[in-house]
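Working through the structure, step by step
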Amino acid sequence: QVQLVESGGGLVQAGGSLRLSCAASRSGFSIYVMGWYRQAPGKQHELVARITSERSTDYADSVKGRFTISRDNAKNTVYLQMNSLKPEDTAVYYCSALIGSRNYWGQGTQVTVSS
């Protein structure tokens, strides 16, 4: 089992920035594939960004150039820096850890972007 605890969500005006953090409770963090997903009301759960143990990254087209995912293995933490936020970025953001074939999820953190 691994617990993921997210923080950093909140309310921000369009054009603003937020940084989300996700801390993992279990050792071995450096080998996990970590990701951020989001779900907006009435919309499907979608991948926002992902980072491998080698720090290879993938981003949804809608956030490329605005969001940056990073990880600090010494702190068992993954970050999502979100810049130039838009109202359509409003959603609950979830941290995930892929360990072997199993995905673990955090409880989610709300991000609201006002226009």
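A quick note: this is a predicted structure, and the numbers were derived from the prediction, not measured. (Residues numbered from 1 in each chain as written. Predicted model: local features only at pLDDT ≥ 70, side-chain atom pairs only at ≥ 80, totals over all residues. Heavy atoms only, no water.)

Check the secondary structure of the chain and you find zero helices and eleven strands. For the chain, the succession of helices and strands along the chain, N to C, is β-β-β-β-β-β-β-β-β-β-β. Computed over its C-alpha atoms, the radius of gyration of the chain comes to 13 Å, within 12% of the 13 Å expected for a compact globule of 115 residues. Projected onto the principal axes, the alpha-carbon positions of the chain cover approximately 40 × 25 × 20 Å. A burial count over the chain gives 42% of its 115 residues as buried. Sequence-distant contacts, at least 24 apart, represent 52% of the contacts inside the chain between residues at least 6 apart. (Helix = DSSP H or I, 4+ residues; strand = E, 2+ residues; numbered from the N terminus. Rg over C-alpha atoms; globule rule 2.2 N^0.38 Å. Buried < 20%, exposed > 50% of the residue type's maximum accessible area, 1.4 Å probe, protein only. Contact = heavy atoms within 4.5 Å.)

Just geometry here; none of it tells us what the structure is for.
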